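Descriptive analysis of the structure
The residues making up each chain are set out below.
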Amino acid sequence: MNKKSLVWQLPFLVLLIVGTVFVIRQQHDMPYQNDKGFIFGTVYNITYQHDKDLQNEIVKVLKQVDASLSPFNKNSIITKVNNNESVALNDMFVDVFTLAKTISAETDGAFDMTVAPLVNAWGFGFKNDTAPTADAIDSLRQLVGFDKVSIVKGKVVKSDPRITLDGSAIAKGYGCDVVARLLRQYDIKNYMIEIGGEVVTCGVSPKRVPWKIGVTKPTEDTLSTNQELQTVLNITDRAMATSGNYRNFYYKDGKRYAHTINPKTGYPIQHNILSATVLAPSCAMADAYATSFMVLGLDESQRILERHPELMAYFIYSTDDGGNAVWFSPSMKGKIVE
């Protein structure tokens, strides 16, 4: 390279270096916003680096998810589907329904959006004073099964009009994904979205380090006052969801009943997993698989994880001597903060 060409190129190199320094400094100086609120019957906490507060836009998209998937919203799409009213399905409803169908098939029915009648019968949706009878469970099981409902030509088709859908085990995760999509549209690189314990992260925190999220130690804590951590995970650029049976349960005749219902048997699960934390490419996926693993138990969950390398899981389970033990995916090892 001759001196003449170097002279011509030098100003461009200087401009490139100055521009890079300017961009880095501008990004470093840009503030982090923190928005909080209430949606889906729970709280959300969203932190992101941007020069403007996007609370109004965030609320707008969360309300769109609510209007699609909340059974507690009398005008939502899922409510109208449950009431057998004529309703046009939007992309949000179809996206969640399709993903739920896929995960239901992958988990042999452990994840099932039609399980609500059984959940309600056991008193977790609406508190009952008495446990359902075996005959009642057998009757309700006729209305449960994701194979009994499908989307045909833009309409939900049920094998029985009494079948209802409940997106509570996937909607919070999907809400996180929708907010993440919104932030990416604003070219936001650093954010943490948390809705009712389900999380999506990208980039770095305000402390300029990877996002770290704690996994709560399982204790019998119906009031959710326990904040002691079992471990801390580095989940930058991942989605995380946790499902556990140690906060929602009740005792009946000296027996402990968990909030997770097995759709195939109609009864609350009674195995030793106390908490299932899942890391996945999307929070809706993590949310649904965390619920599925609570239904399936440790052995079957491990078999599913072997087939799905895109998933990582951290299980806390009870041992025969009354203590707690941990199992996690080998690929999770690098995510655990020592």
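The paragraphs below set out a description of the structure included in this document. (Residues numbered from 1 in each chain as written. Predicted model: local features only at pLDDT ≥ 70, side-chain atom pairs only at ≥ 80, totals over all residues. Heavy atoms only, no water.)

Concerning the sheet that holds strand 13 (residues 312-318)
Convention followed: Being paired, for any two strands, means DSSP has found at least two bridges between them. Secondary structure elements follow DSSP: runs of H or I no shorter than four residues count as helices, runs of E no shorter than two count as strands, and numbering proceeds from the N terminus. Note on method: axes are straight lines fitted to C-alpha atoms, helices fitted across the in-contact stretch only, with angles between N-to-C directions ranging 0 to 180 degrees. Throughout, a contact is declared for two residues whenever any of their heavy atoms are within 4.5 Å.
Strands sit in the order 1-2-5-6-9-12-13-14 across an open sheet of 8 strands; the sheet is antiparallel. Because the sheet does not close on itself, it has two edges, and the strands there are strand 1 (32-39) and strand 14 (324-328). Between one strand and the next, the sheet's axes are offset by a mean angle of 10 degrees, whatever the strand orientation. Of the strand pairs in this sheet, strand 12 (residues 273-280) and strand 13 are connected by 6 bridges, and their pairing is antiparallel. Bridge pairing links V278 to A313 in strand 13. Strands strand 6 (198-202), strand 9 (239-244), strand 12 and strand 13 of the sheet are contacted by helix 8 (residues 283-296), whose axis makes an angle of about 155 degrees with strand 12. Helix-sheet contacts for helix 9 (residues 298-307) involve strand 12, strand 13 and strand 14, and the interaxial angle to strand 13 is about 170 degrees.

Examining the environment of A180
Turning to its location among the elements, A180 is positioned in helix 7 (residues 171-185). When sequence neighbours within four positions are dropped, the list of residues in contact with A180 reads Y191, I193 and V200.

Topic: the side chain of E198
Worth spelling out the cut-off: Throughout this description, buried means an accessible area under 20% of the type-specific maximum (1.4 Å probe, protein chains only), exposed means over 50%, and partly exposed covers the range between. Distance and chemistry together define a polar contact, namely a pair of N or O atoms within 3.5 Å, with one atom able to donate a hydrogen and the other to accept it when in protein, and with adjacent residues in sequence counting only for side-chain atoms on both sides.
Take E198: it is sitting in strand 6. Exposure remark for E198: the relative accessible area of 3% places this residue in the buried category. A polar contact is formed between the side chain of E198 and the backbone nitrogen of T242, at a distance of 3.3 Å.

Some points on the nonpolar core
To keep it simple, the criterion reads: What we call a nonpolar core is a set of buried Ala, Val, Leu, Ile, Met, Phe, Trp, Tyr and Cys residues that are connected through their side-chain atoms within 4.5 Å.
Ranked by size, the top nonpolar core spans 67 residues in total, and within it F93, L165, L183, I193 and F293 carry the most contacts. Ranked by the residues each element gives to this core, the list is headed by helix 8, at 10 residues. Setting aside anything within four residues of it in sequence, one finds L165 in contact with I78, V81, N82, F93, F97, M113, T114, F146 and V149.

Comments concerning the pattern of salt bridges
The line we're drawing: We count a salt bridge whenever a side-chain nitrogen from Lys or Arg sits within 4 Å of a carboxyl oxygen from Asp or Glu.
Taken as a whole, this structure holds 6 salt bridges when the rule is applied. Among the salt bridges present, the one from K264 reaches D108, with a minimum N-O distance of 3.0 Å. Here D108 lies in the loop between helix 4 (91-106) and helix 5 (116-121) and K264 lies in the loop between strand 11 (255-258) and strand 12, a separation of 156 residues in the sequence. The residue R162 makes a salt bridge to D160 at a minimum N-O spacing of 2.9 Å. For R162, a relative accessible area of 54% translates into the label exposed. According to the relative accessible area criterion, D160 is buried, its value standing at 16%.

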